[in-house]
Amino acid sequence: MGKELFSIHTLSKVFPNGNPGITELSLSIFEGECLLITGSNGSGKTLLMRMLLGLVEPTQGEIRFRGLPLHKNMDALRREVGMVFQDADAQIIGETLEEDVAFGPKNLGYPKEVIKAQAHGALRAVGLFEKKDFPPRRLSGGEKRRLAVAGILAMGGEAVIMDEPFANLDWPGVVQVLESLRRLKTAGKTLIILTHELEKVLALADRLVILHKGMIREAGTPEGILDRLDPVYGVRDPRRTYTQVRDCIWLTE
Ligand SMILES: Nc1ncnc2c1ncn2[C@@H]1O[C@H](COP(=O)(O)OP(=O)(O)OP(=O)(O)O)[C@@H](O)[C@H]1O
Ligand SMILES: [Mg+2]
């Protein structure tokens, strides 16, 4: 396994209304791994992502990024960790795709020619180069997610965190995002994917974590965890196959 990228120690977040968002969560995330974090609605996936990005202060416990407390290493975090939120619209900054993707490398102070080369390379990698002068707001949902991925590629970061990358996407949209993820994995990047849609991406995962009520209930190889899946987690084993129309219903009996 690679070096430790994030280490999370007994992390807790209790909201002012008493809502326990995350309770005593400990986890190490390693360079180069594809970590899939799943769990039912409200299990704490998005909250954990926001905490990993330093957007929510813990009530207790600590997150370290590359061995340093997160708040002391925010520059490295911003440089190295790309994020794709569920709402890709919220991340669009530029008037054109090229401008949008160039934003990251520009912020890092790269020379103009480098910025252009990185932006073009990234747009090519996600299949959006032909649309480089297009206004991003007119892209489809799947294209917007791919644009967010291109932004990450252009920055040349080490890791990506994606929250529900397949939400509201049609089949081609899911395929587009998956292709970008596979490309990042092949390039040796760390992928942290938070989703309840295991059936779409599990094959890419090196490790699976199940969150339940803000606690880690399972962590390990996908096969091992699915073989002993407790129904209380509200996670469906995606290994079931559909061979007939009458099987195509998500009822247990
Ligand atoms: N600002 C807040 N105040 C109070 N409770 C909050 C707040 N933000 C999140 N929570 C609670 O934290 C818990 C975890 O929420 P989170 O959004 O992380 O769930 P999730 O696993 O991402 O769910 P989903 O699958 O629906 O996206 C929920 O019980 C939620 O109600
Ligand atoms: Mg969520």
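Quick note: structure is the one above.
Residues numbered from 1 in each chain as written. Chains lettered and ligands numbered in written order. Predicted model: local features only at pLDDT ≥ 70, side-chain atom pairs only at ≥ 80, totals over all residues. Heavy atoms only, no water.

Trainee: Describe the site of ligand 1, with residues and values.
Mentor: In the vicinity of ligand 1, 13 residues are found, and the nearest of them are G42, G44, K45, T46 and L47. Between ligand 1 and the protein, one listed contact pairs a nitrogen atom with a side-chain N or O atom of N19 at 3.0 Å. A distance of 3.0 Å separates an oxygen atom of ligand 1 from a polar side-chain atom of N41. Protein coverage of the free-state accessible area of ligand 1, which is 650 Å², stands at 63%. Top element by residues in the shell around ligand 1 is helix α1 (residues 45-52). It accounts for 3 residues. Split by residue class, the shell around ligand 1 holds 2 nonpolar, 9 polar and 2 charged. (Near = heavy atom within 4 Å. Polar contact = N/O pair within 3.5 Å; in protein donor to acceptor, adjacent residues only side chain to side chain. Areas by Shrake-Rupley, 256 points an atom, 1.4 Å probe, with all protein chains shown as cover. Helix = DSSP H or I, 4+ residues; strand = E, 2+ residues; numbered from the N terminus. Nonpolar A, V, L, I, M, F, W, Y, C, P; charged D, E, K, R; others polar.)

Trainee: So what's going on with the nonpolar core? Residues and values would help.
Mentor: Counting residues in hydrophobic clusters, the biggest one holds 41 residues, and the most contacted among them are L36, V101, L123 and L181. Examining the composition of this core, we find that 6 residues originate from one element, helix α5 (residues 141-155), more than from any other. With sequence-adjacent residues up to four places away left out, L36 is seen in contact with I193, T195, L198, V201, L202, A205, R207, L208 and V209. Core analysis: the next-biggest nonpolar cluster, separate from the first, contains 30 residues, V56, L70, I161 and I192 among them. (Core = buried A, V, L, I, M, F, W, Y, C linked by side-chain atoms within 4.5 Å. Buried < 20%, exposed > 50% of the residue type's maximum accessible area, 1.4 Å probe, protein only. Contact = heavy atoms within 4.5 Å.)

Trainee: I'd like to hear about the pairing of strand β10 (residues 215-220), residue by residue, with values.
Mentor: Pairing of strand β9 (residues 207-212) with β10, which is carried by 5 bridges, proceeds in the antiparallel orientation. When the sheet's bridge partners are listed, L208 is paired in β10 with G220. Between β9 and β10, which pair antiparallel in sequence order, lie 2 residues; one of them, K213, sits at a positive phi of approximately 50°. (Pairing = 2+ DSSP bridges.)

Trainee: Explain the sheet that holds strand β7 (residues 159-163) to me, using residue names and the numbers behind them.
Mentor: If you trace the 6 strands from one edge of the open sheet to the other, you get β6-β7-β8-β3-β9-β10, paired in mixed fashion. Edge positions in the open sheet fall to β6 (81-84) and β10, since each of these has one partner strand only. Each neighbouring strand pair of the sheet contributes to a mean axis angle of 15°, computed without reference to strand direction. Lying on the sheet, α1 is in contact with β3 (34-38), β6, β7, β8 (190-194) and β9; it crosses β7 at an angle near 145°. Relative to the sheet, helix α6 (residues 171-186) contacts β3, β7 and β8, its axis offset from that of β8 by approximately 145°. (Axes fitted to C-alpha atoms, helices over the stretch in contact; angles between N-to-C directions.)

Trainee: An account of α6 is needed here, citing residue identities and associated values.
Mentor: If you check α6, its first and last C-alpha atoms are 22 Å apart, about what 16 residues at 1.5 Å a residue would give, namely 22 Å. The positive-phi residue at the C-terminal boundary of α6 is G188, with phi of around 85°. (Expected span 1.5 Å × (residues − 1).)

Trainee: Go over the side chain of D247, please, and point to the residues and values.
Mentor: By the secondary structure assignment, D247 is in the segment after α7 (222-227). The side chain of D247 sits in the buried core without any salt bridge; R246 is the nearest counter-charge, 4.6 Å away. Of the polar contacts made by the side chain of D247, one reaches the side chain of T243; its length is 3.5 Å. Discounting chain neighbours no more than four positions away, the residues touching D247 are R240 and Y242. (Lys, Arg positive; Asp, Glu negative; His and termini not counted. Salt bridge = Lys/Arg side-chain N within 4 Å of Asp/Glu carboxyl O.)

Trainee: Tell me about the packing of helix α3 (residues 97-107) against α5, residues and numbers included.
Mentor: Between α3 and α5, the shortest axis-to-axis distance is 8 Å and the interhelical angle comes to 40°. Relative to α5, the element α3 is oriented oblique. When you trace α3 past α5, the crossing you get is right-handed. Residues L97, D100, V101, G104 and P105 of α3 lie in contact with α5, whose contacting residues are L147, A150, G151, A154 and M155. Of the residues that constitute the contact of α3 with α5, the class distribution is 7 nonpolar, 2 polar and 1 charged. (Parallel < 35°, antiparallel > 145°, perpendicular 65-115°, else oblique. Left-handed = near helix turned anticlockwise from the far one by under 90°.)

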